[in-house]
Amino acid sequence: MLGIGMHVQSVIGRTPLVELTTFDVPPGVRLFAKLEFLNPGGSTKDRIVRHILADAERRGLLRPGGTIVENTSGNTGAAIAMMAAARGYRAILTMPDKVSDEKRDALRAMGAEVVVCPTSAAPGSAKHYVTCARRIHAETPGSFMLNQYDNPLNSEAHFLSTGPEIWEALGDSVTAFVASGSTGGTISGVSRFLKERKPDITSVLLDPVGSVYHRYFHDGVVDPGEIAPYFVEGVGEDHLAECMDFSLIDDVLRFTDADAFAACHHLARREGLVCGGTAGANVWGAVRVARSLEGPATVVTVLPDSGSKYMSKIYNPNWLKANGFSPGDTSERKSAL
Ligand SMILES: Cc1ncc(COP(=O)(O)O)c(C=O)c1O
């Protein structure tokens, strides 16, 4: 249930969980998805930003009127801009120039200062958006950087909220938790909580083709040869994030952009849920895991952000066609899944 609160940060979390009923899965196997896009900042990242900032305030790292600095290309930036506006902080967010105007304008609308850096800048070079954020942080007295990739409070936020909410709703009926990852905060935090309650729950990470996690999990190597561009925004990595705890992960499956987008189209047309590409990936993977099980079983995943941010891509037939994807079948209630 969404709550009633005095401030925007008090209504983060407690997102609804819905059962997905239109996918072809074995009898007795149930699929549930947590609607993380209903957080007030529009994504699951509200949870970690709230938790990390509360800790920084408690420890005096962030003082009234202070400045929050972070490099971000998406949802974390929106959550920071929202929290900064609500709590009276200055927010300086560095972004690569490939990020869409709408995403940048949304941050500016909440009063954040956005520093746009060239996408072509090499990692580590002065103009790269990560280096730029670190320089601004070093040069700005009283500023605080969240460092979401390597900050253990990231997965702790999911351990303390997302995991317990799933457990409260479904209890020990949960068989598997499935999610794609970037920092690994979601899969690590939720898996740790659920496995502490029920050790034989299976956790499955979904990784886009072009990211290093799949190969690392199966062969123990980070292979630069695996790194390749893909369209799904917000998951997969070209390095290992410290928050990604592989000791909690039982399997890693690979997905393609086409897999994720087909699931997005199915979710929109059959379930009425218009979601981002990582939600599509998560549901694609949850369906795969569900098909490997016999009922009774329950598979849970999360829908991290909304499709409204991707109208010009995932839900635009011209863009889909131009990039070699099936535009989906709008006339029949069919799906490629
Ligand atoms: C749209 C989207 N989905 C999923 C994730 C993955 O979450 P995590 O960083 O917790 O692994 C992110 C993270 O940036 C995201 O932006």
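None of the values given here were measured: they were computed from a predicted structure.

Asks: Explain the site of the ligand to me, please; I cannot follow it from the model alone.
Replies: Neighbouring residues of the ligand: 15 residues in total, closest G181, T186, G234, T278 and P304. Classifying every residue of the shell around the ligand gives two nonpolar, 12 polar and one charged.

Asks: How should the packing of helix 8 (residues 257-271) against helix 9 (residues 277-291) be read in this particular structure?
Replies: For any two helices packed against each other, the geometry is given by the interaxial angle and the distance between the axes. For the pair helix 8 and helix 9, the least separation of the axes is 7 Å and the interaxial angle reads 95 degrees. Taken as axis vectors, helix 8 and helix 9 run roughly perpendicular relative to one another. Note on element contacts: helix 9 touches helix 8 through G277, A279, G280, A281, V283 and W284, opposite D259, A260, F261, A263, C264 and L267. For the contact of helix 8 with helix 9, a count of residues per class yields nine nonpolar, two polar and one charged.

Asks: Whenever I open this one, the nonpolar core confuses me. Can you help?
Replies: Inside soluble globular proteins, nonpolar side chains tend to come together where they are buried. Core analysis: the biggest nonpolar cluster contains 59 residues, and F177, V178, V283 and V299 have the highest contact counts within it. For this core, the leading source of residues is helix 9, giving eight residues. Ignoring any residue separated from it by four or fewer positions in sequence, one finds V299 in contact with V29, L31, T175, A176, V178, A286, V289 and A290. Counting 31 residues, the second largest nonpolar core, distinct from the first, contains A78, M82, M83 and A157.

Asks: Looking at this structure, I do not really get unusual backbone geometry. What am I missing?
Replies: Excluding glycine, a negative phi dihedral is what most residues carry, and trans is how most peptide bonds are arranged. Omega for the peptide link from G295 to P296 comes to 0 degrees, which places this bond in the cis form. Position of P296 among the secondary structure elements: in the loop between helix 9 and strand 10 (297-303). For R14, which is not glycine, the phi torsion reads 50 degrees and is therefore positive. Within the secondary structure, R14 is located in the segment before strand 1 (17-20). The backbone of N147 shows a phi angle near 55 degrees, a positive value even though the residue is not glycine.

Asks: Help me understand the domain arrangement of the protein in this model?
Replies: Size of an interface, as often reported, equals the accessible area lost when the parts are brought together. Here the protein is described as being made up of domain 1 (8-43 + 152-322) and domain 2 (64-141). At the junction of the two partners, domain 1 supplies 10 residues and domain 2 supplies eight residues. Tallied by class, residues from the side of domain 1 that touches domain 2 come to two nonpolar, five polar and three charged.

Asks: Quick question: what am I supposed to make of the packing of helix 1 (residues 45-58) against helix 2 (residues 75-87) here?
Replies: For the pair helix 1 and helix 2, interaxial distance at closest approach is 8 Å and the crossing angle is 50 degrees. Viewed along their axes, helix 1 and helix 2 adopt a mutual orientation that is oblique. Between helix 1 and helix 2 lies a crossing whose hand is right-handed. Here K45, D46, V49, R50 and L53 of helix 1 come into contact with helix 2, specifically with N75, T76, A79, I80 and M83. Of the residues belonging to the contact of helix 1 with helix 2, the class tally is five nonpolar, two polar and three charged.

Asks: It is not clear to me how helix 2 should be interpreted in this structure. Could you clarify?
Replies: Along an α-helix, residues three or four positions apart point the same way, because every turn accommodates 3.6 residues. Taking 1.5 Å of rise per residue, the 13 residues of helix 2 would be expected to cover 18 Å, and the 18 Å separating its terminal C-alpha atoms lies within 8% of that figure. Among the 13 residues that make up helix 2, 10 are buried, leaving the element largely enclosed by the rest of the structure. All buried positions along helix 2 are accounted for by N75, T76, G77, A78, A79, I80, A81, M82, M83 and A84. Contacts from the buried residues of helix 2 go to helix 1, strand 3 (67-71), strand 4 (90-96) and helix 3 (101-109).

Asks: Sorry if this is basic, but what is going on with helix 4 (residues 129-139) here?
Replies: For helix 4, every residue scored as buried is listed here: Y129, C132, A133 and I136. What you see down the axis of helix 4 is that its buried residues fit within an arc of 100 degrees, all on one side. The inward-facing, buried residues of helix 4 abut strand 3, strand 4, strand 5 (113-117) and strand 6 (143-145).

Asks: Help me understand the pairing of strand 2 (residues 29-35) in this model?
Replies: One face of the sheet, then the other: side chains in a regular strand alternate in exactly this way. The pairing of strand 1 with strand 2 spans four bridges and is antiparallel. Bridge pairing links E19 to F32 in strand 2. In this structure, strand 2 lies alongside strand 10, joined through seven bridges in parallel fashion. Counterpart to A33 in the pairing with strand 10 is T301.

Asks: Explanation requested: the sheet that holds strand 6 in the structure shown.
Replies: Paired through backbone hydrogen bonds, the strands of a sheet run either parallel or antiparallel to each other. With parallel pairing, the four strands of this open sheet are ordered in space as 5-4-3-6. Only two strands of the sheet have a single partner each, and these edge strands are strand 5 and strand 6. Between one strand axis and the next, the sheet turns by 20 degrees as a mean value, whatever way the strands run. Two elements, strand 3 and strand 4, share five bridges in a ladder whose sense is parallel. Residue pairing across strands places V69 opposite I92, the latter belonging to strand 4.

Asks: Honestly, the sheet that holds strand 10 in this entry has me stumped. Any pointers?
Replies: The mixed open sheet is built from six strands, whose spatial order is 1-2-10-7-8-9. Strand pairing shows two members of the sheet lacking a second neighbour, strand 1 and strand 9 (251-255), which therefore form its edges. On average, adjacent strands in this sheet sit at an angle of 25 degrees to one another, irrespective of strand direction.

Thresholds applied
Residues numbered from 1 in each chain as written. Predicted model: local features only at pLDDT ≥ 70, side-chain atom pairs only at ≥ 80, totals over all residues. Near = placed C-beta within 6 Å. Nonpolar A, V, L, I, M, F, W, Y, C, P; charged D, E, K, R; others polar. Axes fitted to C-alpha atoms, helices over the stretch in contact; angles between N-to-C directions. Helix = DSSP H or I, 4+ residues; strand = E, 2+ residues; numbered from the N terminus. Parallel < 35°, antiparallel > 145°, perpendicular 65-115°, else oblique. Contact = placed C-beta atoms within 7 Å. Core = buried A, V, L, I, M, F, W, Y, C linked by C-beta atoms within 7 Å. Buried ≥ 20, exposed ≤ 12 C-beta atoms within 10 Å, placed from the backbone. Domains from an automatic or database assignment. Left-handed = near helix turned anticlockwise from the far one by under 90°. Expected span 1.5 Å × (residues − 1). Arc of directions from axis to C-beta. Pairing = 2+ DSSP bridges.

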